[in-house]
Amino acid sequence: MSSMDFPAEVPRQVTHAAEARRPAVPTMTWVTLALMTTASVASLRAAPTMAVYGLACVFLYLVPAIVFLLPTALVSAELASGWSGGVYRWVSEGLSKPLGFLAVWCQFAMTIFYYPSLLGFVASTIAYIIDPALASSGPYTAIVIVVLYWTGVWVSSRGTKALAGLASWGLIIGTLIPGTLLVVLGMVFLGQGNPSAAPMTASHLLPQWTGLASLVLIVNNFLSYSGMEMNAVHVSSLKDPGKEYPKSMFLATGLVLLIFILPALAISWVVPADQLSLTAGVMQAFDAFFSYFNIGWMTPIAAVMLISASLAGMLTWLAGPSKGLLEISRQEGYLPPFLQKLNKYGIQQNILVTQGVVTTVIALGYALIPNVSSVYWIFSVITTQVYLIVYLLMFAAAMRLRKTQPDHPRGYRAPALGVLCVVGLLASLAALCIGFVPSSQFGSGSVWAYIAIVGGGLIILGFLIPWAFLKFRKPSWRTAAAEEGDAS
């Protein structure tokens, strides 16, 4: 999330009986599904966050992989193989329609903070082409975020279909090639007898315990792993889902861990933790390696690769979550007609523009708060907090559906579903609580100010706004929205 990339979840009006009888047509190998999942989850953007911990990043990546990533993948596979329509359908069937709306709303709302943090990373990367000193400039970062986001809205609102293929290229150009290059340069650097900036001894395998704050960075890894449930919709395309899907998820997990851990270690080898920027850390490492090997001319090339991949991801998925929210709202009347109206290209332009206004206001945080890394970290935590609500609802719905609809046909049944759901719920709750503890990356700011910002963002974005939509919605919103959409 990773490359936080979230395809639209558009509900389909299919009866349970017809859905249950639809035969599965094997169209995909389990290796292909593993690679697709890796492409949608893995990213280099989070590498600097964990590079701060040096060798301990291995532990900090493995823990959420075991207690969060695998439960999410296996549980969502069962839900997707039994009920079409994504998280809204799962939560609606298992719990209630209002909670289903809350789930799909949170899936959309988290992008409000996700895009500023993503574009903050892009801004710092662009700085390495123009002037590396700009990477720590709040006003510069805010300007880049606003300009790039509104450009993305303009492009997306025109319904450019060619953007759909950019995600796969993003994995190769912006993740696999630079990630491999970073690791190879790091290994050669160490192989030539240079000391690592971070200790690489066995005593540093675990993070130093200085209270809860020492484990706060693990929260960001939950968001890094989010998105595994999106590819669960392809479970019925496998020849033998019961055997092949777990194999696919274990392979994807291994690949994702390699992509996350190795570049983070490479960064920690060359950039001291106290000098590492959470937004510009990848470019700091490239700059250091390229300078050492006297190939500084490659720095702009690496920057362009990272920038192109991030922008491709933003453009490809900018309208995704909002489209899922739109489809649900047009059926159930959750949003007022103004937000449901489509432009002449069939795109939910009003939702994108409204989201853009909020994003612009959030971007000012970069200009007003001196430490760019602090702002980046706060936005990342709020993004995680809001998205964790989706997983809490998903795990609860999965357990209830096993009890209330045990005979409903499922193409795949997760082993020990109850255990998986309990582990996933506890892990998500723990991450939610730990997210209120400021990490060292927050600097010397007020702890209460941090709690107020994160808590306020979670309550307003994750609860108050969807509650207001549910509270004040009118029956006429559903029919009016349909009529206005047809007239567009």
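Predicted model, so just to flag it, every value in this text is computed and none were measured. (Residues numbered from 1 in each chain as written. Predicted model: local features only at pLDDT ≥ 70, side-chain atom pairs only at ≥ 80, totals over all residues. Heavy atoms only, no water.)

**Section: the overall build of the chain**
Counting secondary structure elements, the chain contains 19 helices and zero strands. In the chain, buried positions account for 57% of the 488 residues. Of the contacts made within the chain by residues no fewer than 6 positions apart, 83% connect residues no fewer than 24 positions apart. (Helix = DSSP H or I, 4+ residues; strand = E, 2+ residues; numbered from the N terminus. Buried < 20%, exposed > 50% of the residue type's maximum accessible area, 1.4 Å probe, protein only. Contact = heavy atoms within 4.5 Å.)

**Quick word on unusual backbone geometry**
As a rule of thumb, non-glycine residues mostly have phi less than zero, and peptide bonds are mostly trans rather than cis. Even without being a glycine, Asn294 presents a positive backbone phi close to 60°. Inspection of the secondary structure assignment puts Asn294 in the loop between helix H11 (281–292) and helix H12 (299–317). Its relative accessible area of 68% is what places Asn294 among the exposed residues. Even without a glycine there, the phi angle at Ala416 is positive, about 50°.

**Concerning the side chain of Gln107**
By secondary structure assignment, the location of Gln107 is in helix H6 (residues 97–130). Side chain to side chain, Gln107 and Tyr387 meet in a polar contact 3.4 Å long. (Polar contact = N/O pair within 3.5 Å; in protein donor to acceptor, adjacent residues only side chain to side chain.)

**Details of the nonpolar core**
Among the nonpolar cores identified, the biggest contains 141 residues, and Tyr61, Val75, Tyr225, Tyr245 and Ile267 are the most heavily contacted of them. A total of 20 residues in this core trace back to one element, the largest contributor, which is H6. (Core = buried A, V, L, I, M, F, W, Y, C linked by side-chain atoms within 4.5 Å.)

**As for the packing of aromatic side chains**
For the structure shown, the criterion picks out 14 aromatic pairs. Centroid distance Trp105 to Phe469: 5.6 Å. Interplanar angle 65°. Geometry classified as edge-to-face. One end of the pair, Trp105, is in helix H6; the other, Phe469, is in helix H18 (residues 447–472), with 364 residues separating them in the sequence. Between Tyr149 and Trp150, the aromatic rings sit 6.2 Å apart at their centres with planes inclined by 85°, giving edge-to-face as the arrangement. Taking the relative accessible area as the measure of exposure, Tyr149 reaches 1% and is therefore buried. When its relative accessible area of 30% is taken as the criterion, Trp150 is described as partly exposed. Aromatic ring contacts, followed pair by pair, group Phe189, Phe289, Tyr292 and Phe293 into a single cluster. (Phe/Tyr/Trp six-rings, centres within 6.5 Å; stacked < 30°, edge-to-face > 60°.)

**A look at the pattern of salt bridges**
A pair can form between side chains of opposite charge whenever their charged atoms are brought close. On inspection of all chains with the given rule, the structure shows four salt bridges. One salt bridge in this structure joins Glu78 and Arg402, with 2.8 Å as the shortest N-O distance. Taken together, the residues Glu78 in helix H4 (residues 57–82) and Arg402 in helix H16 (residues 372–404) connect sequence positions 324 residues apart. Accessibility expressed as a relative area gives 2% for Glu78, which makes it buried. (Salt bridge = Lys/Arg side-chain N within 4 Å of Asp/Glu carboxyl O.)

**So, the side chain of Ser81**
Here Ser81 shows up in helix H4. Separated by 2.9 Å, the side chain of Ser81 and the backbone oxygen of Glu78 make a polar contact. Of the polar contacts made by the side chain of Ser81, one reaches the backbone nitrogen of Gly411; its length is 3.2 Å. Excluding residues that lie within four positions of it along the chain, Ser81 makes contacts with Val235, Pro409, Arg410, Gly411 and Tyr412.

**Points about the confidence of the model for the chain**
When pLDDT is averaged along the chain, the result is 78; 81% of the residues meet or exceed 70. The weakest mean pLDDT in the chain belongs to helix H1 (residues 16–21) at 41; the strongest belongs to helix H17 (residues 417–434) at 90. (pLDDT = per-residue confidence, 0-100.)

**Points about the packing of H4 against H17**
The interhelical angle for the contact between H4 and H17, taken along N-to-C directions, is 130°, at an axis separation of 9 Å. Taken as axis vectors, H4 and H17 run oblique relative to one another. For the crossing formed where H4 meets H17, the hand is left-handed. Residues Val67, Phe68, Pro71, Leu74, Val75 and Glu78 of H4 pack against Leu417, Leu420, Cys421, Val423, Gly424, Ala427 and Ser428 of H17. (Axes fitted to C-alpha atoms, helices over the stretch in contact; angles between N-to-C directions. Parallel < 35°, antiparallel > 145°, perpendicular 65-115°, else oblique. Left-handed = near helix turned anticlockwise from the far one by under 90°.)

**Some details on H4**
In this model H4 runs 37 Å from its N-terminal to its C-terminal C-alpha over 26 residues, within 8% of the 38 Å that 1.5 Å per residue would give. Roughly 45° is the biggest bend found in H4, and it falls at Ala65. Counting buried positions along H4 yields 20 of 26 residues, so the element is predominantly enclosed. (Expected span 1.5 Å × (residues − 1). Bend = angle between axes of the 7 residues up to and from the residue.)

**Let's talk about a nonpolar patch on the surface**
The grouping of Ile172, Ile173, Leu176 and Ile177 at the surface amounts to a nonpolar patch, some 290 Å² of accessible area in total. Among the structural elements, Ile177 can be located in helix H8 (residues 166–191). Here Ile177 falls in the partly exposed class, since its relative accessible area comes to 45%. (Patch = residues over 30% accessible without salt bridge, like charges linked within 9 Å, V, L, I, M, F, W, Y side chains within 5 Å. Areas by Shrake-Rupley, 256 points an atom, 1.4 Å probe, with all protein chains shown as cover.)

**Regarding the environment of Ala56**
Relative to the helices and strands, Ala56 resides in the loop between helix H3 (47–51) and H4. Distance from Ala56 to His204, taken between C-alpha atoms, is 6.0 Å for residues 148 residues apart in sequence.

**What about the environment of Gly54?**
Position of Gly54 among the secondary structure elements: in the loop between H3 and H4. Classification of Gly54 by relative accessible area gives buried; the value is 3%. A C-alpha to C-alpha distance of 9.7 Å links Gly54 and Leu206, two positions 152 residues apart in sequence. Among all residues touching Gly54, those that are not within four sequence positions of it are Ala198, Met200, Leu265 and Ser268.

**Looking at the environment of Ala47**
Looking at the element boundaries, Ala47 is found in helix H3. Owing to a relative accessible area of 3%, Ala47 belongs among the buried residues under this scheme. Counting along the chain gives 132 residues from Ala47 to Gly179, while the straight-line C-alpha distance between them is 9.8 Å. Apart from residues no more than four positions distant in its own chain, Ala47 is found in contact with Tyr61, Ala264 and Ile267.

**Considerations on the packing of H4 against helix H10 (residues 241–270)**
Running from N to C, H4 and H10 point in directions that differ by 155°, and their axes come no closer than 10 Å. As summarised for this structure, H4 and H10 are arranged roughly antiparallel, according to the angle between their axes. Crossing angle aside, the handedness with which H4 passes H10 is right-handed. Contacts between H4 and H10 pair Cys57, Val58, Tyr61, Leu62, Ala65, Leu69, Leu70, Ala73, Leu74, Ser76 and Ala77 from the former with Tyr245, Pro246, Met249, Phe250, Thr253, Leu257, Phe260, Ile261, Ala264 and Leu265 from the latter. Counted by class, the contact of H4 with H10 contains 19 nonpolar, two polar and no charged residues. (Nonpolar A, V, L, I, M, F, W, Y, C, P; charged D, E, K, R; others polar.)

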